[in-house]
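Structural characterization, general
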Amino acid sequence: MKPSAQPVLRDLVLVGGGHSHVGVLRMFAMKPEPGLRITVICTDIDTPYSGMLPGYISGHYSFDEVHIDLGRLCAFAGARLYHDAVVGIDRQNQKIICQNRPPVAYDLLSINIGSTPQVRHVEGAQSLAVPVKPIAQFNQRWLALMDKARQWPVHRGRMTIAVVGAGAGGIELVLSMQYRLRHELKALGRSPEDLKFVLLTSGDTILPTHNPGVRKRFAQVLQERNVEVHTSAEVIQVSPGCLHTRDGRTFDADETMWVTQAGGPAWLQSTGLALDKQGCILVHPQLQTLNDPLVFAAGDIASFVERPLEKAGVFAVRMAKPLAENLRRSLRGQKLLAYDPQRHWLALISTGNRFAVASRGSLGFAGAWVWRWKDRIDREFMRRFTEFPSMPGAGSPGQAGAQVREAVQAMGQLLKDIQAQGKGHTTQLNLTSEESLQAISAIAMRCGGCGAKVGASILSRALGQLQPVERPDVLIGLHSPDDAAVVRVPAGMAVVQTVDFFRAFIDDPYVFGKVAANHALGDIFAMGGEPQTATAVVTVPPGLESKVEDLLTQMMGGAIEVLNAAGCALVGGHTGEGAELALGFAINGLIDEKMHSVMRKGGMQPGDVLLLTKPIGTGTLFAAHARYAAKGRWIDAALKSMVLSNQSGAEILRTHGATACTDLTGFGLLGHLVEMTRPSGVDAELTMSTLPLLDGAVDCVQAGIVSSLQPANVRLRRALRNADEFLGDPRYPLLFDPQTAGGLLASVPAAQAGACVQALKAAGYVHTAIIGRITAQSQAIEPVLLKT
Ligand SMILES: Cc1cc2nc3c(=O)[nH]c(=O)nc-3n(C[C@H](O)[C@H](O)[C@H](O)COP(=O)(O)OP(=O)(O)OC[C@H]3O[C@@H](n4cnc5c(N)ncnc54)[C@H](O)[C@@H]3O)c2cc1C
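1. Brief notes about the overall build of the protein
For the protein, the count of helices and strands is 22 helices and 37 strands. Expected size for 788 residues packed as a compact globule is a radius of gyration near 28 Å; at 29 Å, the protein falls within 12% of this value. With the principal axes as the frame, the protein shows a C-alpha extent of 85 × 75 × 50 Å. Here the protein holds 788 residues, and 55% of them are scored as buried. Contacts spanning at least 24 positions in sequence make up 76% of the contacts within the protein whose residues lie at least 6 apart. When the accessible surface of the protein is summed, it comes to about 32800 Å², and 52% of that surface belongs to carbon and sulfur atoms. Treating the 75 positive side-chain charges of the protein as one cloud and the 70 negative ones as another, the clouds have centres 6 Å apart.

Given below as structure tokens:
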């Protein structure tokens, strides 16, 4: 999502996109807290709903039906989504340590990261067994297991699949895997009897937390389905193809799935949070941790001090409401409420074949109708996270006006709240008097139209953390700041200059910083130049000093990573306040003054082939994102493509004799192609079926969603000789789709094309494709001919 129009006063960070946090997001979406920014940090964009997981394994549901799209949910909730793994918490400085980005600051933190079977305590289990959690990783292993079963050579005899753990999760897993794999083998004309299933548990019974009737029912089902059950079989070692139990027995196992009692991840140990024996976070009935009032936890990872709770999705779901309420109350400085989990709860446990058993306290009943009932409940639950009111015409003048009015109203309310707080009210975010003053001034500036410079202390603190790459040709740069930078141009070199600047299109300053820098560098690479120095122009919306500083640190941190990787020294810049976050760079590059290595737009030769190094579709995807219409994983993949540098791509193209090159940006594929054919005096053929496309790009244009720049680009259709023949082609609108940090479009001699594509793919441009060829200029006015 785009950054919010209101100043950020408090940061609530949700670590993990589990069942509790998706509920919290929905509740804050329905009732936003003015001035509150929510950030979700999660290792997975698609978060699995555990209730439907066995149905997915059985093949009754598709991947999308059982996953909540965190990208869309966060867009709907106006929350930021950081796709990353949390590996630590610096509680003293209120920062979350992530695997792949700078620390993320929080005012209030909530953890809902699920639990993991404790494989690390059993010899060999970590490397040889498949833990069922995290569920998202399990999915990859499950898909691999299906392949293995399909390809299992008959001469090896039966393939044995063992499940360790006979709680509800283990039993559902063994039955749903068996159902699915037997069907898979049957479909291949093989005998389902080629598979053997074994269930082991250290306990003396299956389903220890359920009533005897339910246990008996499942014992019968397992027997009827030929699943071998071994109780009092505590697995203490896993070796290739074999499980060893404490009492000396061994069991064959070609694949082992681990569904035993779960605990917390190792990284929690170093946080100093109070943990239980399994490494889960101890929480009060208010879901607040025992030793840090700023940290809450819910779901499997929370260990309820009042009484032990089963690690079940049903509790994680139920905790969402009290958690959201207490997070709100904590932010407002109000008294927290205690959560009293139900003592008896309904478990609907499926048998894989569209049949389920209901278990509640001493009650139990079963039938196909129970499965249908469960199916209805589960689908209803999922609908709450998949169906949002749409945002028609995002970017249209009418909607922009409405958004501005809404923002002004919200800011007015926020201002009233903050002023009321000064009079002793506590109905809003609990700010210190200094923060209230800063907030009032920030709101006044936003409403009045800003334009001032950012405070020197904020700037020096934020920029002081940057470490630009050092270059001997930078005589005066950020390391010894002055009125301007002084840079030497080495003998025999000429300067190649470019500038780019744009508004933030995502609410993730770190990734935005990376994209903006990468986009700006693209022009230098496309020319065959070597980036030398960059100066930045930054616009940040006014806000609390700490938030502005954090924003700058994150954004410039992302940018500097990209600039440093390109050997480009950041030597200066200007930061001002403005209505929207925006970032641009003026970049100087070096090129030999005889211009031998220059790749211009005008060198295309008939007979060359046309290469594109990255897929297209960023314009439509981000327009769809603004309307919650793009899947989170599409946006995630598009961002990954946007931060992929064109540096080595340009070098590979140059060494393979590229005759012309440009980087794809706002004019779209066709616009840039025409910019090349015209000065080259050639025509081009574009083969539609070979165009590399970002996932979801066709879906978005087919839904009629295009970027606001598209109409201007479409005017160029007059450059197409046979546009009429392709109007119905779903890929046609993407010819005009504006790109941000797009790939390189180049013409390469046909003889070099194969090797060039191979080298580009090996260098990480895996979507590189030959998308057409260059022909001699014809009599036709239109230079581009589309081919199927
Ligand atoms: C096969 C099987 C079937 C089950 N069926 C049922 C059922 O029918 N009903 C039921 O009530 N329970 C069921 N359960 C139990 C249920 O899966 C868990 O109790 C439930 O998933 C816990 O939810 P949660 O919200 O705590 O965490 P999760 O649903 O596990 O979500 C955790 C989230 O945190 C993210 N995450 C993890 N680590 C990090 C990190 N370091 N940084 C950032 N993000 C992170 C993950 O990507 C994930 O999005 C089943 C379990 C299994 C194994």
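Moving on from the coordinates now.
2. Looking at the sheet that holds strand S9 (residues 108-111)
Judged by pairing direction, the sheet is parallel, and its five strands sit side by side in the order S5-S2-S1-S9-S21 without closing on themselves. At either margin of the open sheet sits one strand with a lone partner, and together these are strand S5 (80-83) and strand S21 (295-297). With strand direction ignored, the average angle separating the axes of adjacent strands in the sheet is 20°. In this sheet, S9 lies alongside strand S1 (residues 10-15) in parallel orientation, the contact comprising four bridges. For Leu12, the partnering residue across the bridge sits in S9 and is Leu108. In the packing of helix H3 (residues 70-77) onto the sheet, the strands contacted are strand S2 (36-42) and S5, and the crossing angle to S5 comes to about 150°.

3. Thoughts on the pattern of salt bridges
Using the criterion set out here, one finds 36 salt bridges in the structure. Among the ionic pairs, Asp11 bridges to Arg37, the shortest N-O distance being 2.7 Å. With Asp11 in strand S1 and Arg37 in strand S2, this pair connects stretches of sequence that are 26 residues apart. By relative accessible area, which is 2% here, Asp11 ends up buried. Among the ionic pairs, Arg633 bridges to Asp64, the shortest N-O distance being 3.0 Å. A residue pair is termed long-range when its members are at least 10 positions apart, and Arg633 in helix H17 (residues 632-642) and Asp64 in the loop between helix H2 (53-58) and strand S4 (67-69) qualify at 569 residues.

4. Here's the deal with the pairing of strand S32 (residues 609-612)
Side-chain alternation along S32 places Val609 and Leu611 on one buried face and Leu610 and Leu612 on a second face that is also buried. Here four bridges tie S32 to strand S35 (residues 744-748), and the two strands are oriented antiparallel to one another. Opposite Leu611, over in S35, you have Ala746 as the bridge partner. Across four bridges, S32 lies against strand S36 (residues 769-776) in antiparallel orientation. In the strand pairing of S36, Leu610 is matched with Gly772.

5. A word on the site of the ligand
Close to the ligand lie 31 residues; His19, Asp44, Asp300, Gly313 and Val314 are nearest. Measuring from an oxygen atom of the ligand, one finds a backbone N or O atom of Ala312 at 3.3 Å. In this structure, Gly313 approaches the ligand through a main-chain N or O atom, which is 2.8 Å from an oxygen atom. Taken by itself the ligand offers 1000 Å² of open surface, and the protein chains cover 89% of this. Those elements that provide at least two residues to the shell around the ligand are S2, helix H6 (168-187) and helix H8 (313-318). For the shell around the ligand, the element with the highest residue contribution is H8, accounting for three residues. Taken together, the residues of the shell around the ligand sort by class into 11 nonpolar, 13 polar and seven charged.

6. Remarks on the packing of H6 against helix H7 (residues 212-224)
The contact between H6 and H7 brings their axes to 11 Å, and the two run at 25°. In terms of orientation, H6 lies roughly parallel with respect to H7. Considering only the axes of H6 and H7, their crossing is left-handed. Here H6 contributes Ile171, Val174 and Leu175 to the contact with H7, which in turn contributes Phe218, Val221 and Leu222. A breakdown of the residues in the contact of H6 with H7 according to their chemical character gives six nonpolar, no polar and no charged.

About the thresholds
- Residues numbered from 1 in each chain as written.
- Predicted model: local features only at pLDDT ≥ 70, side-chain atom pairs only at ≥ 80, totals over all residues.
- Heavy atoms only, no water.
- Helix = DSSP H or I, 4+ residues; strand = E, 2+ residues; numbered from the N terminus.
- Rg over C-alpha atoms; globule rule 2.2 N^0.38 Å.
- Buried < 20%, exposed > 50% of the residue type's maximum accessible area, 1.4 Å probe, protein only.
- Contact = heavy atoms within 4.5 Å.
- Areas by Shrake-Rupley, 256 points an atom, 1.4 Å probe, with all protein chains shown as cover.
- Lys, Arg positive; Asp, Glu negative; His and termini not counted.
- Charge placed at Lys NZ, Arg CZ, Asp CG, Glu CD.
- Pairing = 2+ DSSP bridges.
- Axes fitted to C-alpha atoms, helices over the stretch in contact; angles between N-to-C directions.
- Salt bridge = Lys/Arg side-chain N within 4 Å of Asp/Glu carboxyl O.
- Near = heavy atom within 4 Å.
- Polar contact = N/O pair within 3.5 Å; in protein donor to acceptor, adjacent residues only side chain to side chain.
- Nonpolar A, V, L, I, M, F, W, Y, C, P; charged D, E, K, R; others polar.
- Parallel < 35°, antiparallel > 145°, perpendicular 65-115°, else oblique.
- Left-handed = near helix turned anticlockwise from the far one by under 90°.

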